[in-house]
Amino acid sequence: MDYTIFFDQIKDLFPTIEINNSSDLTESEFKIKYGYPEVPVLLKSRFNDLYKSINFRELDEKFHSKEWNFDSTTGKAETKMSLEDYFLKETTEYYLKTNIRDLDFTIDYPNLFKCWYKSYPTEKEKKELVWLYYGNKNTFTNIHTDIWKFNSWLLLLKGKKLWFIYPKAYNSIIKENKEKYGIDMIDTLMNGSIKPFITVQNPGEMMYVPSDTFHFVINLEASLAYTGNFMNETNYENVKQYFAKSDNSNNKKFINSIIATGMTQLKIKNL
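Fair warning: this is a prediction, and the values are worked out from it, not measured in the lab.

Conventions adopted
Residues numbered from 1 in each chain as written. Predicted model: local features only at pLDDT ≥ 70, side-chain atom pairs only at ≥ 80, totals over all residues. Heavy atoms only, no water. Helix = DSSP H or I, 4+ residues; strand = E, 2+ residues; numbered from the N terminus. Rg over C-alpha atoms; globule rule 2.2 N^0.38 Å. Buried < 20%, exposed > 50% of the residue type's maximum accessible area, 1.4 Å probe, protein only. Contact = heavy atoms within 4.5 Å. Areas by Shrake-Rupley, 256 points an atom, 1.4 Å probe, with all protein chains shown as cover. Lys, Arg positive; Asp, Glu negative; His and termini not counted. Charge placed at Lys NZ, Arg CZ, Asp CG, Glu CD. Pairing = 2+ DSSP bridges. Axes fitted to C-alpha atoms, helices over the stretch in contact; angles between N-to-C directions. Phe/Tyr/Trp six-rings, centres within 6.5 Å; stacked < 30°, edge-to-face > 60°. Lys NZ or Arg CZ within 6 Å of the ring centre and 35° of its normal.

**What about the overall build of the protein?**
Then step 1. Of regular secondary structure, the protein possesses 10 helices and 13 strands.
Then step 2. Taking 2.2 N^0.38 as the reference for a compact globule, 271 residues should give roughly 18 Å; the C-alpha atoms of the protein span a radius of gyration of 19 Å, in line with that estimate.
Then step 3. The principal-axis extents of the C-alpha atoms in the protein amount to approximately 55 × 50 × 40 Å.
Then step 4. Looking at the 271 residues of the protein, the share that counts as buried comes to 48%.
Then step 5. For the protein, the proportion of contacts with a sequence separation of at least 24, taken over those separated by at least 6, is 79%.
Then step 6. Total accessible area on the protein is roughly 13800 Å²; 46% of this is exposed by carbon and sulfur atoms.
Then step 7. In the protein, the 35 positive side-chain charges and the 36 negative ones have mean positions that sit 5 Å from each other.

Here you go:
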């Protein structure tokens with residue numbers, strides 16, 4: 001399916017995700033308007049400076065300097081190819097996901113999304129939660145919520161993305177039959193009683209998706225995204241509940257220690 005044509009047919013049939021045009025939105029304002037109330041938002045201008053600071057020529061050289069392992073969108077084994085071959089094939093069966101540190105390239109972390117997990121001092125190896133994604137036109141990420149009930153952010157570097165985000169009020173219904181509300185049923189979503197909110201994201205714009213929020217994303221053009229997950233005072237209760245169900249006592253202790261440290265630092269900051 002060419003989702004660009006499909007979007008033109010459905011763009012007026014769904015409610016739209018909130019858009020914020022401020023270029024100087026503060027961390028405090030963000031948390032009050034979107035973080036604590038768990039409201040998805042497309043930040044149109046807040047990260048213009050971060051976007052402009054990226055050396056795209058060097059970034060392209062890094063990506064084109066070797067072959068990469070591409071993950072399958074259909075459950076197949078990964079395959080190795082150059083980025084040039086990937087674009088030439090125009091395949092929608094694979095996408096590229098790489099940790100930012102594995103690329104040997106630096107992009108500043110978006111300062112609006114302070115992360116207790118990222119900043120926690122420990123000798124224990126922590127999972128890298130910042131990535132770069134490359135996907136051809138019409139590739140997609142199907143319906144899901146993000147890892148560990150963390151919040152997520154995504155800065156689009158190239159291309160165009162179409163977002164579908166469901167209000168959290170529908171979570172219990174969606175969990176009963178998640179696939180019913182994903183991309184495989186996209187033709188019927190417009191006629192259903194449960195509709196996602198939608199928007200199109202362009203380069204330089206930042207999408208924020210709150211913890212435990214169902215969403216899926218389609219690349220309307222070949223796209224490169226800089227994305228990550230984070231936890232702080234806006235979502236730590238959701239994270240704590242997630243790990244409370246874990247059978248791994250060490251993981252529970254570790255995340256509880258991170259939360260305790262984050263809360264202590266927050267109290268000191270507010271003195």
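**Thoughts on the pairing of strand β5 (residues 94-99)**
Then step 1. Here strand β3 (residues 67-72) runs beside β5; their pairing, made up of 2 bridges, is antiparallel. If you follow Asp71 over to β5, its bridge partner there is Tyr95.
Then step 2. Two elements, β5 and strand β6 (residues 130-135), share 5 bridges in a ladder whose sense is antiparallel. Looking at β6, one finds that Tyr95 is bridged to Gly135.

**Description of the sheet that holds strand β12 (residues 215-219)**
Strand-to-strand pairing in sheets goes through backbone hydrogen bonds, with the strands running parallel or antiparallel.
Then step 1. Here we have 4 strands laid out as an open sheet, ordered β7-β12-β9-β10, and antiparallel in their pairing. Since the sheet does not close on itself, it has two edges, and those belong to β7 (140-144) and β10 (197-201), each with one partner. The average undirected angle you get between the axes of adjacent strands in this sheet is 15°.
Then step 2. Pairing of β7 with β12 involves 3 bridges; the strand directions are antiparallel. Bridge pairing in β12 links His144 to His215.
Then step 3. Relative to β10, helix α1 (residues 3-10) is tilted by about 130°, and along the sheet it contacts β7, β9 (161-165), β10 and β12.

**Looking at the packing of aromatic side chains**
Then step 1. Counting across every chain of the model gives 27 aromatic pairs.
Then step 2. Ring centres 4.9 Å apart and planes at 75° place the aromatic pair Trp153 and Tyr226 in the edge-to-face group. On the criterion of sequence distance, the pair formed by Trp153 in strand β8 (residues 151-158) and Tyr226 in strand β13 (residues 223-230) is long-range, its members being 73 residues apart. Judged on exposure class, the residue Trp153 and its partner Tyr226 are both buried.
Then step 3. Aromatic rings pair up to connect Phe30, Tyr34, Phe47, Tyr109, Phe113, Trp153, Tyr208, Tyr226 and Phe230 into one cluster.
Then step 4. For Lys66, the ring lying beneath its charged end belongs to Trp68, and the centroid distance is 4.5 Å.

**Some thoughts on the pairing of strand β4 (residues 79-82)**
Then step 1. Pairing geometry for β3 and β4, over 4 bridges, is antiparallel. What sits directly across from Trp68, in β4, is Met81.
Then step 2. Two successive antiparallel strands, β3 and β4, enclose a turn made up of 6 residues, where Gly75 displays a positive phi of approximately 90°.

Honestly, that's just the spatial picture; any functional story needs more than this.
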